[in-house]
Every structure is written in C-alpha cells, then in structure tokens.
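What the coordinates show
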Number of protein chains: 2
Amino acid sequence: MSRTQPDLEAFSAAAIAIVGEDAVLSRGHLDEYTDPFPVGDPDEFATAAVVRPGSVEEVSQIVRSAGEHGIHLWPISRGRNNGYGGRSPRTPGSVVIDLSRMNRVLEIDPVGGTALVEPGVSFAEFAEALRASGAPFWASVPDLSWGSVIGNALERGLGYTEYGDHNSQVCGMEVVLADGEVVRTGMGAMSGSRTWQLYRGGFGPAVDGIFAQSNLGIVTKMGLWLMPAPQAWAAVDIGVSEFDDLEQLIDTVRPLKFNGTIQSTVVIGDPIGVAAFSGPRSTWQEDHGTLAPGVQERIMAHYGVGRWTMTFAVYGDDELVAARVAAVRRAFSASLPLATVTVTNYAGDASTDDIAPHHRVRAGIPGMYAEKLSYWFGGRGGHVSFAPVLPIDGAKALAQVRELQERFNAAGFDYCGAFTITGRSMVHVTEVLFDRDDAEQVARGRTLVRDLIGTVADDGYGEYRGHVAFMDRIAGTFDWNDGALGRLHTRLKDALDPHGVLAPGKQGVWPSAMQDHRETPSR
Amino acid sequence: MSRTQPDLEAFSAAAIAIVGEDAVLSRGHLDEYTDPFPVGDPDEFATAAVVRPGSVEEVSQIVRSAGEHGIHLWPISRGRNNGYGGRSPRTPGSVVIDLSRMNRVLEIDPVGGTALVEPGVSFAEFAEALRASGAPFWASVPDLSWGSVIGNALERGLGYTEYGDHNSQVCGMEVVLADGEVVRTGMGAMSGSRTWQLYRGGFGPAVDGIFAQSNLGIVTKMGLWLMPAPQAWAAVDIGVSEFDDLEQLIDTVRPLKFNGTIQSTVVIGDPIGVAAFSGPRSTWQEDHGTLAPGVQERIMAHYGVGRWTMTFAVYGDDELVAARVAAVRRAFSASLPLATVTVTNYAGDASTDDIAPHHRVRAGIPGMYAEKLSYWFGGRGGHVSFAPVLPIDGAKALAQVRELQERFNAAGFDYCGAFTITGRSMVHVTEVLFDRDDAEQVARGRTLVRDLIGTVADDGYGEYRGHVAFMDRIAGTFDWNDGALGRLHTRLKDALDPHGVLAPGKQGVWPSAMQDHRETPSR
C-alpha cells in the first residue's frame, strides 16, 4: 500500500465540497499563512493551500480526503506559534488545516472547575467566556493572548498563574486520527460519561500524551482544569544588582517553589528583555554592534529594574497570602540581603484597571504584553527561540548564561534571556532577535541556533520546543540507545499514519516511508 | 507472520540460560504466584511458570525469547495488586515475569527532589532509602507498604500525602518493549541527559502515559518527584453523625481541596471500614446475614468514629499550617456545625512513635494498616474491589452510596465504602469482602461486581482499575463511538506487540490476533 501521487487539484475540489468554497484558500491568498519570522527563504516551508473546517465531522472528512489524494496536512489551531515557524508546515507543499473557525467554549463547569474548548478558542476569548460565565475560576494566559488555548497546551507552552504549566492542566481530549477516526480519551471514551473533564487516567493505557507536540492526530476538543479565583493574591518582584546574583536567586526560590509557598510560574529576566518588550534597540544604540559598556546600566536605571528581575505571585485567603509573603521575605533577606523585594497586594476580585499591567498575567488577564519583542533590531522584525530545559540550579544556570552570552555576542546578537520555572525544571528561554530583511543577519542567527542545539546537548540538555527548521536537528540530539525513542515515535506514526497525512516531520517524527525527508541528524 | 506455537519447555530452557536456574520456577513451585483472593476457580487465571530477571538486559532477553517461543508474559513488579487479581495473568498459561529482584533505588537527588527506582523497590524499602539518604523529602505510601512503588504508580494507585496521586508524580521511564527494544522517555531519551527526572515533556509526543495500566511495555526504571519535608503539618479528622451529612462533607471540602488549602488526598470512610481494618465481622455479629440495626452504632461508639469520617492533612511552616487549619475550621463550622473537627499538630521531623498510627501515612511513613480488611467474613479471607470514579459532588455521592448499599445488601454483603479525593474527582472505593472458602458467596460477589460495572456505566461512571476477571467487562463500558479508544489501544498493541507477548488482555487490550480471547463486552 504505497502513497497515492499527490493531487492538489482533486483534493481542493473535494475540500470545497466538504467545507465550502469560502473555507478553502489557494495560491495567491496565502499571505497570512507564511511564517512571520522566517529563518531563511520563506518557500523552504511553504504552504500549498489552506482548508478551514468548521466541525469535527469536517475535520474527519478532510483528513480522509487528504489520505485519498496523497496530501500532507499541517494542522494549526490558531497558528500563533511564532518564533517556532508560525503557520508554516515542516514539509513544504503541505496544506494547512486551520481550525480557527472551531472556536466554541463548549462547557464551563462551575462546580468541578473545568472547561471543554475547541482548538480555535484564543486565550482572550476563553478568559472572556470564563468571566462572563460567572464561574469562580481564572484562566491562565501566556504573554500574547491571540494564540489557541489548545495549541499552547499541546506545544507545552506556559502561562503565569498557579496553573501556568498548561499541558499539565489538560484533562480529556477528542482527537481525529489520520484515517478520520474520532477518539475520545480518558473517561470520555465512555458514552454518556460524566467525568471526562474530571479524571485523567481512564481505564488502560492513557493516550493523551502522544498527541502533544505530535503528528499522530488532530485535537478537536480539550478539557482543562481551572484555577479557583483566590480571595487575595500578591505579585512579588525581586531585583538584584549583580550578574552573579542569578545563582542565589534561583537557589533561594527553588525550595519555596517546591514546597508550594510560591504557587505561580517563576520568571527571571534580564534588562535586554525588558527593553525589547518596550521598544527598539536604536533607543539605546544606533549601530548593530555589541552593546557598548554602560548600555545595560542605562536600561536598568531607565526601567528601574535590576541586573536580574524575578517575578512570581502567591494566592490564597488574606492569612495564607501573608504567610507566603512572610516566608518569601525571610528566605530572600537571608540569602540576598541587598535584593529589592517589592510585594503588591491585590484583592481576588480586583478590576483589571487596578492591576499593574505587568502583573495582569498573574491573574490570568489576557494582553499582548510581549508584542514588541520582535522589533528590537528594527525593520520587519523577527525572532527565533532557543530554549533548553535546565535543572533549577543557580550554578548551572549561571554557567549556561555565560556560555550563551559569549556565543550570542560572538555571532553579533544580544543575549536576551529569561528563565521560567515550573515543576522541577526551568526553561532557559533565549531569543535571537533579527531584522528579517537582513538576510545575512538571519543566516547568522540560524547558524547560531543550529550550533547551540548541539552545544547544550553535549552538556546533557535538550530543548522543549523547536522551530520547524530545527526539528530534525533537535530530535537528533535525543540519541539514547541509538535513538530508541525516535524509533518508537516512528512505529507509532507508521501504525496510525503510514503515509504521513498529518504533519510529517513535526518534531522530527516521520513515517518510515518518508525517512529520506529527514535532515541528517548529528550532534 | 503468525504466532509461533507455544513451547513452554523450550522457553524455560532459554530462560534458565538467561537468568539462571534459581530464577525460573515451574509447576509445583508456584504457590506464591496465585491470586490470594480468587473470584472463582484459581485455574481460570493460572500461571504456567515464573521467571525472575535481575537486570534490564535480562528482561530484554526474556521478552525476545518469549516471542520466539510463542509465550505470553505477565509482568509484575512485586505482584501485590491484591483485590485486582494479585499476581494472576489475564491469559491463563502465561509466564509471570517477576521483577522483584530488580529492587535498587538508583538515585535520590537531594537538590532536585527526585528519585529513580527499579520495579522491585517496595514502598517500605523506598521510604527507608530516602530516610537514610538524609534528603529533605518524603515518600508517599499507600495503606500497605509491601507493594511496588512503580507498580502502584502504573496502576494509578494512591497514597495520602500531597503527592498521593502517584501516577502524576512520575517523571521519566525506561521501558522494555515487546521485541526487547529498550526505550527511555522524556529527557532520558538524550544520552548523558541531566534532566531525565526533572522535566516530563521531552521533545515530541510523550509516550509515558501509554505504559500505565498497560501491556505495551515493561517499565524497568521510573523517575519520581518527591514531596519536600515540611517544617510542620497537621492531621485533620472530621466526624459527622448523620448518614446524609456525607453530602455537606464533600461539598465543603471540594473548594478547600481545589484551592490548595488542603494539600493531601482526602479520604472519607464509613464505620464498617474502620471495623474491618481492625478485626473480623464476628466481633459484631455471628451470622452472615445483613447487619442488625444498632451494629453500626455500636461500631461507631466503640471506635469513637462518626457515621462518616473525613481525614486529610495540611503542610507548611507553622504560620501556613495555622492559616490552613483556620480556613478548614471556618468552612466546616459554617456548613456542619455539629461535626467533630480534630486537629493534631506535628513537627515535620516528628519521630514515627510520636505520630498516631492512623496518621502515619500522612507523613509517608510505611505500614501495613489495612492488612486485616480481607478477613472480615472469617475463613481464608478475600476481597474484590469495585471502584468507580465520581465528580466531587455530595448529592451524586450520596445517591451512589444509597444505590450500592442496597445492591450490596441485596446480594448478602455489607457495603464497605470509602471515597478518596485527588485532583478533580473522587474514587468511590468499595470492597466486596468474602470468605474465599465459601464458593457460593464468592460467586455471588463476582456477579454483584459484574452487574455493578454496568449499573454505574449506565449512570455515566467508569472504573479506574479492575480485577483480571472484569477487565474486558469494564473496557466494554468505554463504548463511545463504538469503542474508538479500544480500537486505538488495539492498533497500538498491534504496532508494538502483534502476537501478545506482553500481558494480552490486560485492561481489555488484546492484539487483533487474539480478539477471540476477549469476553464479549456488554453493558
């Protein structure tokens, strides 16, 4: 059973019959479907057409039809995975299946504290629906609220409340497989189930995980656990003046995060990030060379931030919030007596206007806080993310910052880094910021990221996410037992989608029949 | 490629060559490998032989050899899944592969707060290794500490601390697949990884979930997140005198559990459970008929317990513990003013002797607290569990208790029920307690459980676990879209283990080649 020769024309005709003419876009109408921040020739990851189904049934039919006509589909929820390829398919010539029309909040359970949403629901839409429902629960949002709640959770994205590890809040899915079969996971696999959004385990093997960062199915519904709206909360901002203070910042927050004193995602950022979130680099230095001595200090003084700034939030009733804050103050005054600890107390029902803009994500209030980041170098801005996962260990973090700073600077980029702490690890999020019209700079940035993937792998660290241009490269660093996990991924792909109907190459997972498409892995 | 004709003799010879003569048990030496509480003829789920490998390499070789010789293997970690079949294979004539010799605690990370263990490590052994390491973290243990840490987590078992939902504390696995391939999941898929036990996601699809309640692989190593030892904690016992108070108990604790005021697993039990944990039924009533009016009351008076008793624990520094307890007292005095709320405060480093025996599991201290439960009806005792998952909703719980109580009594059994609350749901754990030498009583119990599976499914509820005798029956109630999840399970099974080398039929998952072994599903 070999793959049918691709027939885009026949597929498009079939797609129009399924979803209607308005919901199929073809060449000449795909401007919105290119990577906004391409790391090279945009045609490298070009889309051939777009189909916008309006229901699970249509998704299932489109998938079946794609299989019949030899078409590769690249599913996007809302397609805001910018910095990782945006809406671009890994395999050029794929048809984007855009789920943004499926944007219903299907259910909010005000007792169980759960929701059931479709992939087109944005963070902003979800937060508004939740507010309007009156249910005493909060959303969790990332910096930019235009993205899909489902897409972000599947890609292991983060928000900033106690429920900021979005993937870990998932409970129950509906998934369309590559042959059009529709499956509900967990307790949803029982007809008439009353616990689909309440219990994750189900009976037997739990398949939910295989649909994260995945090309094994298209998630058409997802259940989520919601954070109870607290009576009170406090945002905490801690600034330190010395570069090396990073070590103590991390080592001091670790036990407070582990024992639940601090509930939210913890973020540590540097001044370049603060400046880049607010305006272009030219504010500080006209030429594109390494930032001159003193610029960092001017930025710190201008924004009143430290060399590192740590932010987080605590939640509870008044008494619990006070006890948490007291524990935080005790710990940091012991380890970093010169640190500036600023505590801002809020009532649980504080109105958005009463909350400082940079604290709003701590209450799950949507915004577009980080939008300007890409335009640091001016021109048509762009960025590509490089984000390895580290232990929550100050010395290791400091060593990696030094290494990356040196490498970024040597390649002509500013190191712009942050740490996000959830669970037992932290993501060291760095952004290579570029002017997308400066082809030489873009190429330099791509080489830098490519090389860094190997550098950190040699240190024992892997990335948690990757641009389509680097997916094979990153997957190649997962090389234990000669790449055993990759082989298992391939076997699952072969079992469920041998011809690569769904997103072949996503996260480096290809069916056996398409192994020759893989970029040669190497460390 | 059809399955080889089974050749137990050739396999046994090969197994002896791999693991040594002492580590292969055959007919006549299998007494320890029968179900201690069979729900019928023990031969229904009989074991043909036992192999006890001592290393991952040996597991891999045994699995390969089983495939060559057409043998079905039934993997057990320590084989204490009593009430669910114990060590008995679903497919009679299978060879038990007993992993109890692989009992090393491979790593305890005192900074990251994680451990890496082998399947033979018991809860008692793990707690002792953790204590001896001096790392400031606690174990989480179930009622009976003889079982496997890994086995319990894979079967979605529960403990009683903040980390009591054992499956959700898993981070990273090593798995031997049915063809002998060894895979490491998550960040462990990178050679030299330094974050295997720290970050769950990895890169690409997360496969860990498919190895829970599974026959898709044998887990040979597992990473676990550990609970930080608190400075202080308090055990809270709440008793109510009226049957209908169950509703308010549940509805009052729900928001306290959701918002993290209460961190531990919450348990609600009835007097029969308390009595059965302590001694035989004959203490209270000689005949096996329905318990006479007044017996419940005598039990309550004797043990000083309420009609329902809710127990949980809170953790933190002194101030946080006090704030949590205050919030608990406020909530229950408002909703259940007549409830008895008993708070017992402990220092985080309290010695075992200073902790009341029934509170010790709240500090992860191992014991054998529930051992006597099975002997309620005297003789060679036994029990079979029936445990549907419910919303944390008082009215729904009360309705189900009434229904089950009636059904248990009508079948000649005492309703002995408890609720365990974690996450967004609760398991309604009931036990059919029987005298295994009373064949008629055993048969009645089996019919009762079989019927109840259908009854609760009609109400929209599913079981979270099941005895080997009921696995197909339960899987059959997961019938959405004509059993789509079951078909997906079969496809995964076919991809990884088409001939059923590993535990065919476990949790109702059979390869296509063995579908005729399935008990006809029906609601």
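Residues numbered from 1 in each chain as written. Chains lettered and ligands numbered in written order. Predicted model: local features only at pLDDT ≥ 70, side-chain atom pairs only at ≥ 80, totals over all residues. Heavy atoms only, no water.

**Points about the relation of the copies chain A and chain B**
Least-squares fitting of chain A to chain B yields an RMSD of 0.0 Å, with the superposition described by an axial translation of 0.0 Å and a rotation of 180°. A rotation of that kind, with that shift, is consistent with a two-fold axis. A shared interface surface links the copies, since 100% of the contact residues of chain A are contact residues in chain B too. (Least-squares fit on C-alpha atoms with pLDDT ≥ 70 in both. Contact = heavy atoms within 4.5 Å.)

**Points about the pairing of strand β14 (residues 308–316) of chain A**
Residue and element names in this part refer to chain A. The buried fraction of β14 is high, at nine of nine residues. Because side chains alternate across β14, one face comprises the buried residues Trp 308, Met 310, Phe 312, Val 314 and Gly 316, and the other comprises Thr 309, Thr 311, Ala 313 and Tyr 315, equally buried. Across nine bridges, strand β12 (residues 232–240) lies against β14 in antiparallel orientation. Bridging across to β14, Trp 233 finds its partner in Tyr 315. Sheet topology note: the strand β13 (residues 266–269)/β14 ladder contains three bridges and is antiparallel. Residue pairing in the sheet places Ile 268 in a bridge with Met 310 of β14. (Buried < 20%, exposed > 50% of the residue type's maximum accessible area, 1.4 Å probe, protein only. Helix = DSSP H or I, 4+ residues; strand = E, 2+ residues; numbered from the N terminus. Pairing = 2+ DSSP bridges.)

**A word on the packing of aromatic side chains**
One pass over the full model with this rule turns up 19 aromatic pairs over all chains. Relative to Phe 478 of chain B, the ring of Phe 203 of chain A has its centre 6.1 Å away and its plane inclined at 15°; by these criteria the two rings are stacked. Placement of Phe 203 of chain A in the loop between β9 (182–184) and β10 (218–225) and of Phe 478 of chain B in the loop between α11 (471–477) and α12 (484–496) is noted, with the two residues assigned to different chains. We classify Phe 203 of chain A as buried; its relative accessible area is 5%. Assessed through its relative accessible area of 8%, Phe 478 of chain B is described here as buried. Here the aromatic rings of Trp 138 of chain B and Tyr 315 of chain B are separated by 5.9 Å at their centres, their planes lie at 80°, and the arrangement is edge-to-face. Of the two residues, Trp 138 of chain B sits in strand β7 (residues 137–138) while Tyr 315 of chain B sits in strand β14 (residues 308–316), which places them 177 residues apart along the sequence. Overall, the relative accessible area of 11% leaves Trp 138 of chain B in the buried class. By relative accessible area, which is 2% here, Tyr 315 of chain B ends up buried. Through a chain of ring-to-ring contacts, the aromatic side chains of Trp 138, Trp 233, Tyr 315 and Tyr 346 of chain A assemble into a single cluster. The ring of Tyr 33 of chain B carries Arg 87 of chain B above its face, with NZ or CZ at 5.0 Å from the centroid. (Phe/Tyr/Trp six-rings, centres within 6.5 Å; stacked < 30°, edge-to-face > 60°. Lys NZ or Arg CZ within 6 Å of the ring centre and 35° of its normal.)

**Quick look at the sheet that holds strand β8 (residues 170–176) of chain A**
All names here are of chain A. The five strands lie next to each other as β5-β6-β10-β8-β9, forming an open sheet whose pairing is antiparallel. Since the sheet does not close on itself, it has two edges, and those belong to β5 (105–109) and β9, each with one partner. Each adjacent strand pair in this sheet contributes to an overall mean axis angle of 10°, direction not counted. Alignment of β5 against strand β6 (residues 114–117), held across four bridges, turns out to be antiparallel. Across the sheet, the residue bridging to Glu 107 is Leu 116, located in β6. Packed on one face of the sheet, helix α3 (residues 123–133) meets β5 and β6 and runs near 45° to β5. (Axes fitted to C-alpha atoms, helices over the stretch in contact; angles between N-to-C directions.)

**Structural notes on the interface of chain A and chain B**
Contacts between the two partners involve 91 residues from chain A and, on the opposite side, 91 residues from chain B. Between chain A and chain B, the buried area comes to about 7,800 Å², and carbon and sulfur atoms account for 62% of it. Where chain A touches chain B, the interface holds eight salt bridges. Across the pair Glu 319 of chain A and Arg 330 of chain B runs a salt bridge, and its minimum N-O distance is 3.9 Å. Contributions of two or more residues to the side of chain A that touches chain B are made by β9, α5 (245–258), α8 (318–335), β17 (389–391), α11 (471–477) and α12 (484–496) of chain A. (Buried area = accessible area lost by both parts, 1.4 Å probe. Salt bridge = Lys/Arg side-chain N within 4 Å of Asp/Glu carboxyl O.)

**A word on the sheet that holds strand β3 (residues 73–76) of chain B**
Residue and element names in this part refer to chain B. The sheet built from four strands is open, its strands ordered β1-β2-β4-β3 with mixed pairing. Lying at the two open borders of the sheet, with one neighbouring strand each, are β1 (24–26) and β3. In this sheet, adjacent strand axes meet at a mean angle of 25° when their direction is disregarded. Here four bridges tie β3 to strand β4 (residues 94–98), and the two strands are oriented parallel to one another. Across the sheet, Ile 76 pairs through a bridge with Asp 98, a residue of β4.

**Details of the pattern of salt bridges**
Where charged atoms of side chains with opposite charge meet at close range, the side chains can pair. Under the criterion given, the structure shown has 40 salt bridges over all chains. Notably, a salt bridge pairs Arg 330 of chain A with Asp 317 of chain B, separated by 3.2 Å at the nearest N-O pair. Linking Arg 330 of chain A in helix α8 with Asp 317 of chain B in the loop between β14 and α8 (318–335), this pair reaches from one chain into another. With a relative accessible area of 45%, Arg 330 of chain A lands in the partly exposed category. On the basis of relative accessible area, Asp 317 of chain B is assigned to the buried category, the value being 11%. A salt bridge links Asp 437 of chain A to Arg 380 of chain A; the nearest nitrogen and oxygen atoms lie 2.8 Å apart.

**Brief notes about the state of the cysteines**
Counting across every chain of the model gives zero disulfides over all chains. With no disulfide partner, Cys 171 of chain A has as its closest neighbouring cysteine sulfur the one in Cys 171 of chain B, 20 Å distant. Cys 171 of chain A sits in the buried class, given a relative accessible area of 0%. (Disulfide = S-S within 2.5 Å.)

**Topic: the packing of helix α5 (residues 245–258) of chain B against α8 of chain B**
Two quantities define a packed helix pair, namely the angle between the axes and the distance from one axis to the other. Residues and elements named next belong to chain B. Two elements in contact, α5 and α8, have axes whose closest approach is 10 Å; the angle formed by their N-to-C orientations is 150°. With respect to each other, α5 and α8 are oriented roughly antiparallel. As α5 runs across α8, the sense of the crossing is right-handed. Side by side, α5 and α8 meet where Gln 248, Leu 249, Thr 252, Val 253 and Leu 256 of the first sit next to Ala 327, Val 328, Ala 331, Phe 332 and Ser 335 of the second. Along the lines of polarity and charge, the residues of the contact of α5 with α8 split into seven nonpolar, three polar and no charged. (Parallel < 35°, antiparallel > 145°, perpendicular 65-115°, else oblique. Left-handed = near helix turned anticlockwise from the far one by under 90°. Nonpolar A, V, L, I, M, F, W, Y, C, P; charged D, E, K, R; others polar.)

**Considering the environment of Thr 344 of chain A**
Turning to its location among the elements, Thr 344 of chain A is positioned in strand β15 (residues 340–347). Apart from residues lying up to four places away in sequence, Thr 344 of chain A is in contact with Trp 233, Ala 234, Ala 235 and His 359 of chain A.

**Some points on the packing of α5 of chain B against helix α9 (residues 394–410) of chain B**
Residue and element names in this part refer to chain B. With their axes 8 Å apart at the nearest point, α5 and α9 run at an angle of 140° to one another. With respect to α9, the element α5 is oriented oblique. Classified by chirality, the crossing of α9 by α5 is right-handed. For the pair α5 and α9, contact is made by Leu 246, Glu 247, Ile 250 and Asp 251 and by Gly 394, Ala 395, Ala 397, Leu 398 and Val 401, respectively. For the contact of α5 with α9, a count of residues per class yields six nonpolar, one polar and two charged.

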